[in-house]
Structure formats: C-alpha cells, structure tokens
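Overview (structure and organization)
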Amino acid sequence: MRLFSRRSIPPNYMQVFIDFNKSLKLINDKSSLINITITRIIELAAPEHVYFFMFNPDSTNYELQESTSYSTKRKLLFCGGDGLVKWLVLNERQLNISFDPEYASIYSENDKTVLKELHCKIVFQLKVMNSLKGLVLLAPKKNGKPYSGNETEIIKIILDNAALAIENIAFFEEQKESLKKMYRADKLAVIGQLAAGAAHEIRNPLTSIRSIIQYVEPEIKNPEKRKMISNAIAEVDRINEIIKGLLSFSRLSDANMEPFDLKELLHQTISLISSTAFARNINTAISFQPRQSIITADAGQLKQVFLNVVLNAVEAICEEGSIDISVKGSGEDGGTEFFIISIKDTGSGITQENIDKVFDPFYTTKAEGTGLGLSISYGIVHKHQGELEIRSLPGTGTEVIIKLPVKPNSEKIKPTPT
Ligand SMILES: Nc1ncnc2c1ncn2[C@@H]1O[C@H](COP(=O)(O)OP(=O)(O)O)[C@@H](O)[C@H]1O
Ligand SMILES: [Mg+2]
C-alpha cells in the first residue's frame, strides 16, 4: 500500500484496484477472471482493445484466449521459442512496442505480424514465480494519448494478482479432477471385491433356477404360460450378464499383456456391429494415422472397451447417423508413445448434468441397460495406464477419447493381492 501513498495515485485507481481484489475472491473460473481483468483494465486506462494470450502446454505456444475485439476462434498465437516471448521471460517490466530498428530485432516474423495486426502498443507479462503464463496486449488508448506511468504500474499490479488467481484456479481444477478420478477408481475396486465374493454365491443357485425352468418347460402347453417361462429364462440370463459384467471389475488385474495389431482389432470391433449398423443406416469409418499399429495390451479387454463404446454409439443413434473412429499418435512427427483413439457418433448426446454420471456403475438411461459398459471400460483403460474421456453435446453427438500407451510399464500391472 505504500506504493499508492508515495505516488499519490488518483482515488479512482485505488477503487478499481480494491474492487478487482474483491472480485478475485468470488470467481472460480478462468474465463470469468480474465473477463473481469479486462473490464478493470478498460476502466483504468481506456485502451481501444485488450487481448489475453494464454500458454498452452500441449503446443507450447501462447494462444489468444479472450479479447475485446477478435473472435477467439481465429488462431492468433505467439510461439514459445520466439523473440517476443523470450524477451518477456527475461525481463520483469512490460514492453512498449516499437518497430524502430533497435527494437525490431527482438521480434520474429510471426511476432511482428500479430503485433501489427492487433495495433499493439504495449505488452504485459502474466507471470507466476518467474514462469510466463500469458501475455496481455493493449491497443492504443481511445483518446490517443500515451499510457501514463501510473496506469502501467497499476495494470501491472492487477495482472500480477490476476496471474496468481489464474494459477490458483488451475490448481484447484486439477485437484478436483484428480479427486474425482481417485473416487471413481476406489468405487470400481470396491465393486470388484464385492462382485468376486458374491458372484460365485449367486451364480450357482441361478444355474439351478435356469435348469429347473428348462426342465418343466416342455410340459407347459398353455401359450401364455410358455411365454412367461421364456421371459423367466431371459431374465435369468440377464442376471448372469450383469454378474459377468461385475466380475470384469475384479478381473481387471489379470491383464494378459501381449503385442497385437490395434488397427485390426478396431476393424474387428466394427465388423461385429456392421449388420446392425447397416440395418439402421449408420455409416462407420476408421482412419488410422500412426505409422505403426502394434500395441502391447490385453486384446480381449480392449475389445470389450471398444465394443462397449461402439455399442453405446449405435444405441444413441435413433435412425441414421455415423460413427467415426480415428486414431492418432501422440507425437507430432508421427513417432508415438500413446495411441489417441477417438470414437465419435452423431447420436443423442449427453447433457452436462449427466456426463459425470456415465462412469458410475449401474448408471443407465436405457430400459435394457446394465449401466456397466463405461465403468468397466474406464477400469480397463486405467489398468492399461491410459485415459478415457467423454465429451458430448446434446442433440449433436458424443466423442469418447481413449488414450493408450503403446507399451505400458508392465511393472505397474500387478495382480491384486488376494
Ligand atoms: N455415445 C453415447 N451417446 C449418448 N449417451 C451415451 C453414450 N455412451 C454412453 N451414454 C450414456 O451413458 C450411460 C451409461 O452407459 P454404459 O455404462 O455403457 O451403460 P448402458 O449402455 O448399459 O446404459 C448410457 O445409459 C447413456 O445414457
Ligand atoms: Mg453400454
């Protein structure tokens, strides 16, 4: 606070700063936080435009995330290794943009193009503990005057606070996600243990019930009663299927890891549903990009995963539609550590409210569903040190993304202690 009294900053600056800090406490999502920061910067210095470029760890670039003028759908970015970013990493103060020869050597061609296109006057860093999380660009002020020292100083303080808050939100989100995963994995493990214990006890009497029904069946002549008998058999079979599903949770540990052709397995899976797909006007397609297609995994378990996901896709498509499977490698150069398999359908989609429930065992929206397909698949993929994610838009369709290591670390696939 000494800073303010020393420099005798006009009171409205102080008010903006206080309001900003108050709002930080109430916000828990990154996009709203960036928008509030933009609003405060506009109140303070009235720039024509403000642009937030945020670091994307996947591409290692700084990509346009929010702005007062551009559609963020346009891909504007600063490359991580280029001159402007390097300068901002090394320096603590903001950079006044000038294309004078002594400054121009800082920028790469892309830096120059983007800075000129956005009429950028000044670039601020969003830094946390010396790591550059983002760039904030200001266009000239609306009144054409230069930015004053006080203005840039307050904006810098606001951005330092915003950077910290953004980092906190990211950390909070990460924690939430990993807690959710832990909870899910725990739940699956408990079900596995329960199922292993109960399945045997249930299956034996169930087999007796089925045999008894089959034994008396030929003696029943009344067509209505015969129908009841066949319904009873179908129900017994359904219970058996559920138990089989539950047992998969406990069998997750017995993965039989061997190299096989992933592309071929995907084709086999699609051929299993091809007659249903044909009858219901569903187009299926597989595109496989990586140079090699051998994966080390349990082929039987992965087949179960793909079949579960593809069957869900078929069931989500009412009349006609498509199921597209595409496989990419994780490396940009075609080299691959992970296969990233996307299975996309044009079915009914899942509401935001329900998307978190789909991995819950027994969650189903289908009259004949068991609600075990996705939870078992989740368990199998995690056992393979992979990830399974689902994205969906009601009315548009669903995409299931499965990331699997080409060669999982076999040390980690240990049998469950008995
Ligand atoms: N591709 C999809 N499109 C729409 N909804 C889906 C899709 N995949 C899964 N779901 C939803 O998730 C629920 C759980 O799926 P799952 O675990 O396979 O069980 P089940 O298919 O037996 O219902 C489904 O009942 C459905 O509501
Ligand atoms: Mg299913």
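Residues numbered from 1 in each chain as written. Chains lettered and ligands numbered in written order. Predicted model: local features only at pLDDT ≥ 70, side-chain atom pairs only at ≥ 80, totals over all residues. Heavy atoms only, no water.

1. Overview of the confidence of the model for the protein
The pLDDT averaged across the protein works out to 87; a share of 92% of its residues lies at or above 70. Across the protein, element-level confidence peaks in strand β13 (residues 397–405) with a mean pLDDT of 97 and bottoms out in helix α1 (residues 2–7) with 49. Per-residue pLDDT stays below 50 along residues 1–5; that stretch engages in nine contacts with residues further than four places along the chain or on separate chains. (pLDDT = per-residue confidence, 0-100. Helix = DSSP H or I, 4+ residues; strand = E, 2+ residues; numbered from the N terminus. Contact = heavy atoms within 4.5 Å.)

2. Description of the side chain of Q125
Looking at the element boundaries, Q125 is found in strand β5 (residues 122–128). Owing to a relative accessible area of 6%, Q125 belongs among the buried residues under this scheme. A distance of 2.8 Å separates a polar side-chain atom of Q125 from the backbone oxygen of N91. A polar atom in the side chain of Q125 sits 3.0 Å from the backbone oxygen of R93. (Buried < 20%, exposed > 50% of the residue type's maximum accessible area, 1.4 Å probe, protein only. Polar contact = N/O pair within 3.5 Å; in protein donor to acceptor, adjacent residues only side chain to side chain.)

3. Quick word on the packing of helix α3 (residues 30–45) against helix α7 (residues 149–216)
Their axes nearest at 10 Å, the elements α3 and α7 cross at an angle of 175 degrees. Here α3 lies roughly antiparallel to α7, going by the angle between them. Listed contacts from α7 to K30, L33, I34, T37, R40, I41, L44 and A45 of α3 are E151, I154, I155, I158, L159, A162, A165, I166 and I169. In terms of residue class, the contact of α3 with α7 is made up of 13 nonpolar, one polar and three charged. (Axes fitted to C-alpha atoms, helices over the stretch in contact; angles between N-to-C directions. Parallel < 35°, antiparallel > 145°, perpendicular 65-115°, else oblique. Nonpolar A, V, L, I, M, F, W, Y, C, P; charged D, E, K, R; others polar.)

4. Details of a nonpolar patch on the surface
A contiguous nonpolar surface patch, about 330 Å² in accessible area, is contributed by I212, Y215 and V216. Inspection of the secondary structure assignment puts V216 in helix α7. (Patch = residues over 30% accessible without salt bridge, like charges linked within 9 Å, V, L, I, M, F, W, Y side chains within 5 Å. Areas by Shrake-Rupley, 256 points an atom, 1.4 Å probe, with all protein chains shown as cover. Salt bridge = Lys/Arg side-chain N within 4 Å of Asp/Glu carboxyl O.)

5. Section: the site of ligand 1
As a matter of local geometry, ligand 1 sits amid 19 residues, with D345, T364, T365, K366 and L374 nearest to it. The contact in question runs from an oxygen atom of ligand 1 to an N or O atom on the side chain of T365, over 2.4 Å. Separating an oxygen atom of ligand 1 from a backbone N or O atom of G371 is a distance of 2.9 Å. For the shell around ligand 1, the secondary-structure elements that each account for two or more residues are α10 (299–316) and α12 (373–383). For the shell around ligand 1, the element with the most residues is α10, which contributes three residues. For the shell around ligand 1, the per-class residue count stands at seven nonpolar, 10 polar and two charged. (Near = heavy atom within 4 Å.)

6. Examining the packing of α7 against α12
Running from amino to carboxyl end, α7 crosses α12 at an angle of 105 degrees, the nearest separation of the two axes being 11 Å. Viewed along their axes, α7 and α12 adopt a mutual orientation that is roughly perpendicular. Counting all contacts with α7, which are made through K181, R184 and L188, the residues of α12 involved are S375, Y378, G379 and H382. Class assignment for the residues of the contact of α7 with α12 results in two nonpolar, three polar and two charged.

7. Some words on α3
In this model, α3 (16 residues) spans 23 Å end to end at C-alpha, consistent with the 22 Å of a helix rising 1.5 Å per residue. Where α3 is concerned, the buried positions are L33, I34, T37, I38, R40, I41, L44 and A45. Angularly, the buried residues of α3 cover 165 degrees about the axis, an arc narrow enough to put them on a single face. Immediately downstream of α3, the backbone of A46 shows phi near 50 degrees, a positive value. (Expected span 1.5 Å × (residues − 1). Arc of directions from axis to C-beta.)

8. Focus: helix α6 (residues 109–117)
For α6, the set of buried residues is D111, V114 and L115. The buried residues of α6 occupy an angular sector of 100 degrees when projected down its axis, which confines them to one face.

9. Observations concerning the sheet that holds strand β11 (residues 338–345)
The mixed open sheet is built from five strands, whose spatial order is β8-β10-β11-β13-β12. The sheet is open, and its two borders are formed by β8 (282–288) and β12 (387–393), each paired with just one other strand. Across the sheet, the mean angle from the axis of one strand to that of its neighbour is 10 degrees, orientation sign disregarded. With seven bridges connecting them, β8 and strand β10 (residues 321–329) associate as parallel partners. Pairing of N283 across the sheet is with S322, part of β10. Sheet strands touched by α10: β8, β10, β11 and β13. Its angle to β13, the strand with the most contacts, is close to 170 degrees. (Pairing = 2+ DSSP bridges.)

10. Things to note about unusual backbone geometry
Positioned with a positive phi, H119 is a non-glycine residue whose angle comes to about 50 degrees. Within the chain, N281 stands out as a residue other than glycine whose phi angle is a positive 60 degrees. By the element assignment, N281 lies in the loop between α9 (262–279) and β8.

11. Brief notes about the packing of aromatic side chains
Scanning the entire structure with this criterion turns up four aromatic pairs. Judged by centre distance (4.8 Å) and plane angle (55 degrees), the rings of F53 and F78 are tilted. Highlighted residues: F53 in strand β1 (residues 50–56) and F78 in strand β3 (residues 77–79), separated in sequence by 25 residues. The pair F53 / F78 is uniform in exposure class, with both members buried. Measuring from ring centre to ring centre gives 5.1 Å for F55 and Y62, while their planes differ by 45 degrees; the resulting arrangement is tilted. Among the residues examined, Y62 registers a relative accessible area of 5% and is labelled buried. (Phe/Tyr/Trp six-rings, centres within 6.5 Å; stacked < 30°, edge-to-face > 60°.)

12. Describing the nonpolar core
The nonpolar side chains of a soluble globular protein tend to be buried, and buried together. Of all hydrophobic cores here, the largest spans 46 residues; its most connected members are L262, L302, F306, I341, I343 and I402. Beyond its immediate stretch of four places on either side in the chain, I341 contacts L262, F306, I325, S326, V327, V400, I401, I402 and L404. Judged by nonpolar contacts, the second largest core, of 31 residues, contains V16, L126, L159 and A165. (Core = buried A, V, L, I, M, F, W, Y, C linked by side-chain atoms within 4.5 Å.)

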